[in-house]
Structure formats: structure tokens, C-alpha cells
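# Report on the structure
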Amino acid sequence: MPPADTGASTASRVGASPSPSVSTDSSERLSPGGPGYRRMSFALFAAGVATFALLYCTQALLPAISADLGVSPDQASWTVSAATGALALAVLPLSVLSDRFGRRAMMTASLCGAALVSLLIPFAPDLGWLIALRAVQGVALAGLPAAAMAYLAEEVRPKALIGAIGLFVAGNSIGGMSGRIVTGWVAQAWGWRAALGAVAVLAVASAVVFRLLIPKARHFRPSPLSPRAVARTVAGHLSDPLLCRLYAIGALFMTVFGAVYTVIGYRLAGEPFHLPQGVVGSIFLVYLVGTASSAAAGRLVGRLGRRGALYLAVGTTATGLLLTLTEALGAVLLGLVLITAGFFAGHAVASSSVSRAATTGRAQASALYQTAYYLGSSVGGALGAIAFNAAGWEGTVVLGLVAMVGAAGITLYATRKALVERRALAAAR
């Protein structure tokens, strides 16, 4: 499916790309059923599990952290926002290093560094230290997402790219789910510090699995570090309307997700539900829906097109937000299911579209998407907590709906722009 399916043609990028040259023979690349594809899928699945388990390990624990340290929800939410914000700021510089030292090396160093920091976090003496260590962990994790997207774009056949990225995103959803469930029940029994220690053990195990399974890159060619060339490539990507729309869509989807899951624990632990910590953590079983929706993103795009898939993701997410306004626990859970499904589908479509649309500087294009995506998470988490403090759950829902209106507006603009281009092309014939 051509990049125009996301809204516009991919105009030539500004400036020379510092990206390594790769083989253009797709027959040599990994594909489902071929040698190495399964190992690659399991390795990146493990990396995805560790990434989201570590990045959001304090999210389900926020009520417990607030109670133990005597801080408000908006203060405790910075244990999440510090990690995602630091990742957003560091992902572009580390993606540049991956052009020089390799995707595989960068992903390994990133995952191992983050796992080591996770072993220190349970011993943070106060909120300030906890936030600082979480920021360091975010920087360590920053080398993984963009390098993973670039690795897939270089090593996997184009027709299998959405499916491969969907599996990586599915690993994200499993990590987010397992991390929250484990922390919820461990915290209920032994406290939130023990819960963070359990996530650290999971991260170390995932790092070992990743390093043992990930195939060597066959199509990567290192390039020298050149800040000027990187600046030209980044400027070219930021001047590309299609890429900028995809960045904005990813940020808006993540704003909703960050806001909802940062404060949902407070909503379920408070009036009228009064759920215990372990049960609140188990609510994140709905992430399994995200696993399915992200893995199915390729089939969804095949039926509806990229813009059609985005419309469906926006509508699903908005419907879920509205359902969570009720005081019936079943309706709230169904709302979380729809929010999760819509978010992961939208993210898989947008992120794979970036990898496909960027014909040069793929690492930087993916890094810019990750920057926007995790800034959306950081801003969404902080604003969601502020809105919850000020107006309760309704304030968080309003924030999410505004973000989805923005995503729908961007997609509608892309649809109209594509129609105009098609009519002009038909008239020229």
C-alpha cells in the first residue's frame, strides 16, 4: 500500500540522509515462515515486554506511592512522566548513535542499562530520588524503540513490516499488562518497593532472552557521526507534512492512554468502587485486547486502508472514554477495553506508516515519532492527573476526548487532501 494511503504523497526529503545504506533486494529480508523471522519476533517481543513493563512500572502503584510517601496524585504521577519525558528527549540522539554502532548493539545496551537501573529503583529513599532514577531509566530505554523500528524496516520485507511492528507493539502491551498485574498483587502483599523489585527481575530476564535470540543485522551499514547531516535529515522530516501528521496522531493517541492509565488506579480505588490494590492491578488484563488489536493492525489496514483504520481507532477510543463515565464497574471495564484496543491499533498503524513513508533517515524518522509519542505520554500523564485533581474522572475524560477530536481532524484533513490530489491527477490525464 503506498504512503499516500495515510494522507499525502511523500515528497523528497530535505538534505542528505546520514542513514546507513541498506540492501534494496527484499527477497533477502526476513519474512514470515523464513529463517530467522521467528527468532527476531520472539526477541523483539521480549524487548517490547521489558520496555513497557519498566516504563510504566509505577503507574499501577501510584495510589500506594501517594499513601506511603504522603504525596498527591499529580506529584506521584511524575514517577511515570519523568521516565516517558526523559525517553522522549533522549530517543533522537541515541537513534543517531545507532546509525554508527548498529541497531542490535544499541537495543542491547539500552535494554541492559534500563534493567540495571531498575534494580536500584526499589531502594529510592523519597519521591525526589524515585523521580530522578525513573528519569535515568527513561534515558536508558530511549535507545530501544527507534532502533527497533529502524531494524525492522531494514531487515523485514516491506509487505511483512506492519505485521512485524504489530508484534513488537504487542510485546509492549504484554509488558504493560504483566508489569501492572505483577506490581499490583506484589504490592498488596509486600508493598510497592517489592513490586518494583519484581519488575526488575522480569526486565533482566527479558534482556537475556533478547540478547540470545536477536539475529544479526544483515542489511545495516554503519555511517560516520555527522551532526550537520543529522540536522538536515531531521529538518527534512519535520518539513514533511505526512510525517508531521503521523507524529501528531501518535502523540494524541498516547496523550489519551497516558492520562487514562495514570489515574485509573485512583478512580477504581476510590468512590464508588473501593477496589484493593491487587484487583486494581489485575484490571490491566485488558492489555490483552491491545495485544490482539496491534497484532491485527496489518489485516485492519488491508480491509480499511490506513486512514480507515485510524478513523476506527479514534472512534473506538472515544466510545471507550464515554463508557468510563458511568458508575457501573462492568461499563468502566468495557470502556477500558475499547480505549486499549483503539490506542494500540492507532499506534501500530501510525508507527508502521512512519517506517514506510521515510525513504531516507529511517532511524531519525522513527526517533521523531517516538519523541512525539512519549511526549504525549508524559504530557497526558501529567495533565490527566491535574485534570483528575481539579474535576475528577470527568476532567480526565474531557482531556482524552479533546485529543481524539484532534486525531480525527488530522486524519480528515489527510483524507480531503488525498481526494484533491487524486482529482487533480485524474484531470491531468
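Residues numbered from 1 in each chain as written. Predicted model: local features only at pLDDT ≥ 70, side-chain atom pairs only at ≥ 80, totals over all residues. Heavy atoms only, no water.

### What to know about the packing of helix 4 (residues 78-101) against helix 5 (residues 103-118)
Two elements in contact, helix 4 and helix 5, have axes whose closest approach is 7 Å; the angle formed by their N-to-C orientations is 130°. In this view, helix 4 runs oblique relative to helix 5, as classed from their interaxial angle. Mapping the contact onto sequence places L94, S95, L97, S98, D99 and F101 in helix 4 and R103, A105 and M106 in helix 5. Of the residues belonging to the contact of helix 4 with helix 5, the class tally is five nonpolar, two polar and two charged. (Axes fitted to C-alpha atoms, helices over the stretch in contact; angles between N-to-C directions. Helix = DSSP H or I, 4+ residues; strand = E, 2+ residues; numbered from the N terminus. Parallel < 35°, antiparallel > 145°, perpendicular 65-115°, else oblique. Contact = heavy atoms within 4.5 Å. Nonpolar A, V, L, I, M, F, W, Y, C, P; charged D, E, K, R; others polar.)

### Focus on helix 2 (residues 62-69)
Of all the residues in helix 2, the buried ones are L62, P63, I65 and S66. Across the axial projection of helix 2, the buried residues extend over an arc of 165°, all falling on one side. At its buried positions, helix 2 is contacted by helix 3 (73-76), helix 4, helix 6 (127-141), helix 9 (192-213) and helix 11 (241-269). Downstream of helix 2 by one or two residues, G70 has phi in the positive range, about 70°. (Buried < 20%, exposed > 50% of the residue type's maximum accessible area, 1.4 Å probe, protein only. Arc of directions from axis to C-beta.)

### Some thoughts on helix 5
Working note: α-helix, 3.6 residues per turn, so residues spaced by three or four point in the same direction. For helix 5, built from 16 residues, the straight-helix expectation of 22 Å at 1.5 Å per residue is met to within 8% by its first-to-last C-alpha distance of 22 Å. Those residues of helix 5 that sit buried are R103, M106, M107, T108, S110, L111, A114, A115, V117 and S118. (Expected span 1.5 Å × (residues − 1).)

### Focus on the pattern of salt bridges
Close approach of charged atoms allows side chains with opposite charge to pair. Under the defined criterion, the tally for this structure stands at one salt bridge. Taking the shortest distance from any N to any O, the salt bridge between E154 and R103 comes out at 2.5 Å. Linking E154 in helix 7 (residues 143-155) with R103 in helix 5, this pair joins segments that are 51 residues apart in sequence. Residue R103 is classed as buried on the basis of its relative accessible area of 1%. (Salt bridge = Lys/Arg side-chain N within 4 Å of Asp/Glu carboxyl O.)

### Some thoughts on the confidence of the model for the protein chain
Mean pLDDT over the protein chain: 83, with 91% of residues reaching 70 or higher. The low-confidence segment residues 1-24 (pLDDT under 50) makes 84 contacts with residues lying over four places distant or belonging to another chain. (pLDDT = per-residue confidence, 0-100.)

### Observations concerning the packing of aromatic side chains
Scanning the entire structure with this criterion turns up ten aromatic pairs. Taken together, a centroid distance of 4.0 Å and an interplanar angle of 10° make the contact between F257 and F343 stacked. Of the two residues, F257 sits in helix 11 while F343 sits in helix 15 (residues 329-357), which places them 86 residues apart along the sequence. The buried category is assigned to F257, whose relative accessible area is 3%. Judged by relative accessible area, which is 1%, F343 ranks as buried. Seen from their ring centres, Y266 and F388 are 6.2 Å apart, and the 35° between their planes marks the pair as tilted. In this pair, Y266 is assigned in helix 11 and F388 in helix 16 (residues 362-391), connecting sequence segments 122 residues apart. Taken individually, Y266 and F388 each receive the classification buried, so the pair is uniform in this respect. (Phe/Tyr/Trp six-rings, centres within 6.5 Å; stacked < 30°, edge-to-face > 60°.)

### Re the state of the cysteines
Inspection of the entire model under this criterion finds zero disulfides. Free of any disulfide, C57 has its nearest neighbouring cysteine sulfur in C112, separated by 17 Å. For C112, a relative accessible area of 35% puts it in the partly exposed group. (Disulfide = S-S within 2.5 Å.)

### Considering unusual backbone geometry
Residue P272 is bonded to the preceding E271 through a cis peptide linkage, with omega at -5°. With respect to the helices and strands, P272 occurs in the loop between helix 11 and helix 12 (277-282). At H274, a residue that is not glycine, the phi angle is positive and equals roughly 55°. Within the secondary structure, H274 sits in the loop between helix 11 and helix 12.

### So, the environment of V139
With respect to the helices and strands, the residue V139 is situated in helix 6. Since its relative accessible area comes to 40%, V139 is described here as partly exposed. Considered as a pair, V139 and L87 are 52 residues apart in the sequence and their alpha carbons are 4.9 Å apart.

### Points about the nonpolar core
A general feature of soluble globular proteins is that nonpolar side chains tend to end up buried together. Judged by nonpolar contacts, the single largest core of 124 residues is most densely connected at L44, L152, Y261 and Y374. The biggest single contributor to this core is helix 11, with 16 residues. Once you skip the residues sitting within four places of it in the chain, Y261 turns out to touch Q59, R180, F284, V286, Y287, L336 and T340. (Core = buried A, V, L, I, M, F, W, Y, C linked by side-chain atoms within 4.5 Å.)

### A few points about the environment of F220
Note on placement: F220 falls in the loop between helix 9 and helix 10 (227-238). On the basis of relative accessibility, which here comes to 12%, the residue F220 falls in the buried class. Taking C-alpha positions, F220 is 8.5 Å from D99, a pair spaced 121 residues apart along the chain.

### Concerning the side chain of S353
Among the secondary structure elements, S353 is positioned in helix 15. A relative accessible area of 3% places S353 in the buried class. At 2.7 Å, the side chain of S353 and the backbone oxygen of V349 are in polar contact. (Polar contact = N/O pair within 3.5 Å; in protein donor to acceptor, adjacent residues only side chain to side chain.)

### Here we look at the packing of helix 15 against helix 16
Close contact between helix 15 and helix 16 brings their axes to 9 Å; oriented N to C, the two are set at 150°. Put simply, helix 15 runs roughly antiparallel to helix 16. In this structure, helix 15 meets helix 16 at a crossing whose hand is right-handed. Contact with helix 15, carried on its side by F343, H347, A350, S351, V354 and S355, involves R362, A365, S366, Y369 and Y373 of helix 16 and no other residues of that element. (Left-handed = near helix turned anticlockwise from the far one by under 90°.)

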